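Observations on the model geometry
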Amino acid sequence: MKKLTNWLKGPTALAALAGVAAAAVVLSVAELIGAFFTARATPLIALGSTFIDFTPPWLKDFAIATFGTNDKAALFAGMGLTILLLACVLGVVAYRKWALGVAGVLLMGAVIVASVVTRASVKPLDAIPSLIGTVAGLVVLRLLMTRLWRMRPWPAAAADVAAKDTERPATTRRAFFAATGITAAAAATAATGGRLLSAARSNVAQARGSLQLPSPAKAAAAVPAGVQSAAPGVTPWVTPNNEFYRIDTALSVPEINAQEWELRVHGLVEQEITLTFQDLLDAELIESHVTLTCVSNPVGGNLAGNAKWLGLPIREVLKMARPKDGADMVLSTSEDGFSASTPLEVLQDDRDAMLAIGMNGEPLPLEHGYPVRMVVPGLYGFVSATKWVVDLEVTRFADSKAYWTDRGWSERGPIKTMARVEVPRSFAQVPAGKVAVGGTAWAQTRGITKVEVQIDNGPWTAAVLSTEASVVTWRQWSFEWEATPGPHYIKARATDGTGEVQTDKRADPVPDGASGWQSVMVTVQ
Ligand SMILES: Nc1nc2c(c(=O)[nH]1)N[C@H]1C(S)=C(S)[C@@H](COP(=O)(O)O)O[C@H]1N2
Ligand SMILES: [Mo]
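No experiment lies behind these values; they were computed from the predicted model shown. (Residues numbered from 1 in each chain as written. Chains lettered and ligands numbered in written order. Predicted model: local features only at pLDDT ≥ 70, side-chain atom pairs only at ≥ 80, totals over all residues. Heavy atoms only, no water.)

Some remarks on the pairing of strand 5 (residues 329-334)
We apply this condition: Three exposure classes are used, based on accessible area relative to the maximum for each residue type with a 1.4 Å probe and protein chains only: buried under 20%, partly exposed in between, and exposed over 50%. Counting from the N terminus, the helices are DSSP H or I runs at least four residues long and the strands are E runs at least two residues long. Two strands form a pair only when DSSP identifies at least two bridges running between them.
Burial within strand 5 is extensive, with five of its six residues counted as buried. Relative to strand 6 (residues 339-343), strand 5 runs antiparallel, the two being bridged by five bridges. By the bridge assignment for strand 6, T333 is matched with S339. Between strand 5 and strand 6, which pair antiparallel in sequence order, lie four residues; one of them, G337, sits at a positive phi of approximately 95°.

Next comes the structure, spelled out in structure tokens:
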């Protein structure tokens, strides 16, 4: 114990502390100055985004399986720890050999700047916050080190001697802690100030709030009565915007001014075109309910949502651009550098793939792609649902690869048939007698024609299907179960519109979507 307290008061621990204070200065100064630059250009966001770009499929799969939609919070926590450790090491190195410390700080600065300038839609000038932050960190590190060096030679057991020792070590120690405290307070103020300033400077959220959506030329088909499962507790058939799952690689949500938004359509086309947001507002828009699904959704998972989308059929845009013979894919790219490869014919057929500007009667929420995203019935989001879309390149699968295809996922992603049990919940305790079982099933563009339930190893029994709204939306179901006391397993499987029964073959999400039957364990009392 005594040893530990002495070590904590010794040079190594204090040098590490100085390193952490200097790192806090780098990040917070960059955050403050970054309020005047592209949001994505601050060190933490840029480093995190670069890390995401290097994510192999198994790691993405693991992160989503473990942290779900909190995967970004987990990434920040991991990064925070790494930076903390590196800062400690840098502090100690700088204390022992200043030149080496400087080299370390400059190296980290270089890594930060490199990750900033290689982000999509980031200008070279956006490196300025990180550069100034690095210099500020270096200055602070030097100031703190000077205080520490003045305490040399370090008393053998600082705690024992401090009291009776000469004045010098005690005052320098106090000076060191004062300087560190002031640094920490300044860093905290700069970071908070930077946050508030960027929020105040951003008017995109406000512009979205006052945007009036046009009414569609073709309204959505009325939702028939009875789409909701009879079992209480099943997900609402329409997912409210604030409950809609969110999956993307964007650590800071792109803020795009709709007035400046443009979509470039090019590649293997007879006619290159550029669409503005006003062009979309003026076009003949359609509205329809479509269920989106994420390829990373595990069996029984909740990375799926159903909304009413307002937008322009991509078919109409392609008609203007006139794809050349030989083209078989459209590579859509977002403002932040994500891309998806979608088969050309899927965007041209009558499934109404669209450039969406509205979600459940509102402009797209910022997190869901404001001002414009793609919505393509029948395909997983990673190969179709590009948010913040700014570029459509008509090309060939043989010639271009999309973001996740480059990282080990499939180049195509038709949605697999899936039945989900939502009530009772896994590991629930329920009273014996009649128990309402229910959930949601989907097989977009094929539709759901049957859902069956199996209790333990009993026979597969047809569940009651709720009304089908369309083949591109999910379909709910319910099942009345006479539950007997003891532990039981509830399984569900769906049959799609082609007559194919959902496969029981277990597959992980990588590379093209999970499969298998969900099994829910409940205890009946
Ligand atoms: N720009 C961008 N668009 C993107 C992604 C992304 O990472 N970046 N992720 C895709 C994936 S994997 C899915 S499942 C859907 C999710 O859309 P949502 O967040 O609105 O539910 O968006 C797609 N569009
Ligand atoms: Mo996804």
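Description of the confidence of the model for the protein
The condition is simple: Values of pLDDT, the confidence the predictor places in each residue, fall between 0 and 100. The contact criterion used throughout is that any non-hydrogen atoms of two residues lie within 4.5 Å.
When pLDDT is averaged along the protein, the result is 94, and 97% of the positions lie at 70 or above. No element of the protein has a lower mean pLDDT than helix 8 (residues 158-164), which averages 48, and none a higher one than strand 9 (residues 373-375), which averages 99. Segment residues 157-165 is flagged for pLDDT under 50; beyond a separation of four residues in sequence, or across chains, it makes eight contacts in the model.

A few points about the side chain of T342
Basically, it comes down to this: Residues adjacent in sequence count toward polar contacts only when both atoms are side-chain atoms; beyond that, a polar contact is any pair of N or O atoms within 3.5 Å, and within protein one must be able to donate a hydrogen and the other to accept it.
Relative to the elements of secondary structure, T342 occurs in strand 6. A distance of 2.7 Å separates a polar side-chain atom of T342 from the backbone oxygen of V383. Leaving out residues up to four positions away in the same chain, T342 has contacts with D328, M329, V330, L347, M374, V376, L379, V383, S384 and F397.

Considering a nonpolar patch on the surface
Short version of the rule: Here a patch means residues that are over 30% exposed by relative accessible area and free of salt bridges, tied together within 9 Å if like-charged and within 5 Å if nonpolar (Val, Leu, Ile, Met, Phe, Trp, Tyr). A 1.4 Å probe and the Shrake-Rupley method give the accessible areas. Residues count as covered only by the protein chains that appear here. Counted as salt bridges are all cases of a side-chain nitrogen of Lys or Arg within 4 Å of a carboxyl oxygen of Asp or Glu.
A cluster of nonpolar side chains, contributed by M1, L4, W7 and L8, occupies part of the molecular surface with about 490 Å² of accessible area. When you line up the elements, L8 lands in helix 1 (residues 2-9). When its relative accessible area of 45% is taken as the criterion, L8 is described as partly exposed.

Some details on the packing of helix 6 (residues 98-117) against helix 7 (residues 128-149)
Our working definition: Lines fitted to C-alpha atoms define the axes here, with helix axes fitted over just the stretch in contact, and angles between the N-to-C directions of these axes take values from 0 to 180 degrees. Here roughly perpendicular refers to angles of 65 to 115 degrees, roughly parallel to angles under 35, roughly antiparallel to angles over 145, and oblique to all remaining angles. Two helices that cross are described as forming a left-handed crossing if the nearer one is turned anticlockwise from the farther one by less than a right angle, and a right-handed crossing if clockwise.
Two numbers describe how helix 6 lies on helix 7: the axes approach to 10 Å, and their chain directions differ by 160°. As summarised for this structure, helix 6 and helix 7 are arranged roughly antiparallel, according to the angle between their axes. In this structure, the crossing between helix 6 and helix 7 has a hand that is right-handed. Of the residues in helix 7, those in contact with W98, V102, V105, L106, G109, I112, V113 and V116 of helix 6 are S130, L131, T134, L138, L141, R142, M145 and W149.

Looking at the pattern of salt bridges
A full pass over the atoms with the stated rule returns 24 salt bridges. The residue R208 makes a salt bridge to E362 at a minimum N-O spacing of 2.8 Å. On the criterion of sequence distance, the pair formed by R208 in helix 10 (residues 204-209) and E362 in strand 8 (residues 362-363) is long-range, its members being 154 residues apart. R208 gets classed as buried once you look at its relative accessible area, which sits at 17%. Take E362: its relative accessible area is 37%, and that puts it in the partly exposed class.

Some words on the sheet that holds strand 14 (residues 448-455)
As summarised here, the arrangement of the five strands in space is 12-19-18-14-15, forming an open sheet in which the pairing is mixed. The open sheet has two edge strands, strand 12 (429-430) and strand 15 (461-462), and neither has a second partner. Two strands pair when backbone bridges link them, and strand 12 and strand 19 (residues 518-524) are joined in this way by two bridges, in the parallel orientation. Across the sheet, the residue bridging to V430 is V524, located in strand 19.

A few points about the environment of G91
Examined against the element boundaries, G91 turns out to sit in helix 5 (residues 71-96). Assessed through its relative accessible area of 0%, G91 is described here as buried. As for G91 and A13, which are separated by 78 residues in sequence, their C-alpha atoms are 9.0 Å apart. Excluding its chain neighbours within four sequence positions, the residues that come into contact with G91 are A15, G19 and M145.

Topic: the packing of aromatic side chains
Selection rule: When two rings of Phe, Tyr or Trp (its six-membered ring) have centres within 6.5 Å they constitute a pair, described as stacked for plane angles under 30 degrees, edge-to-face for angles over 60, and tilted for the intermediate range. Two thresholds decide whether a charge sits over a ring: the Lys NZ or Arg CZ must be within 6 Å of the ring centre and within 35 degrees of the ring normal.
Here the structure, examined in full by the defined rule, presents twelve aromatic pairs. Taking the centre distance of 5.4 Å and the plane angle of 20° together, the rings of F244 and Y245 count as stacked. As far as burial versus exposure is concerned, F244 and Y245 are alike and both buried. Members of the aromatic cluster, each reached through a chain of ring pairs, are F338, F382, Y403, W404 and W409. In this arrangement the basic side chain of K60 is found over the ring face of W409, its NZ or CZ atom lying 4.7 Å from the centre. Above the ring of W98, the side-chain terminus of R142 is found at 5.1 Å from the ring centroid.

Brief notes about the nonpolar core
For the record, the criterion: Put simply, buried Ala, Val, Leu, Ile, Met, Phe, Trp, Tyr and Cys residues joined by side-chain atoms within 4.5 Å make one nonpolar core.
Ranked by size, the top nonpolar core spans 78 residues in total, and within it W309 and L355 carry the most contacts. Setting aside chain neighbours within four positions, we find L355 in contact with L263, L275, L280, L310, G311, L312, I314, V317, V372, R373, M374 and V389. Counting residues in each nonpolar core, the second largest holds 26 residues, with L14, A21, V140 and L148 among its members.

Here's the deal with the site of ligand 1
Rules: Definition of nearness: a residue and a molecule or strand are near each other if at least one heavy atom of the residue lies within 4 Å of the molecule or strand. Side-chain classes follow a simple rule in which Ala, Val, Leu, Ile, Met, Phe, Trp, Tyr, Cys and Pro form the nonpolar group, Asp, Glu, Lys and Arg form the charged group, and the remainder, Gly included, forms the polar group.
By nearness alone, 18 residues border ligand 1, and Y245, T249, H368, R373 and K387 come closest of all. Y245 is positioned with one of its backbone polar atoms (N or O) 2.7 Å from an oxygen atom of ligand 1. Considered on its own, ligand 1 offers 530 Å² of accessible surface; in the complex 99% of this is hidden by protein. Here the residues of the shell around ligand 1 sort into eight nonpolar, five polar and five charged.

Some words on unusual backbone geometry
Excluding glycine, most residues fall at negative phi; most peptide bonds, likewise, are trans. The omega torsion of the bond from Y370 to P371 falls at 5°, within 30 degrees of zero and hence cis. Inspection of the secondary structure puts P371 in the loop between strand 8 and strand 9. A cis geometry characterises the amide bond from V510 onward to P511, with omega recorded as 5°. For R322, which is not glycine, the phi torsion reads 55° and is therefore positive.

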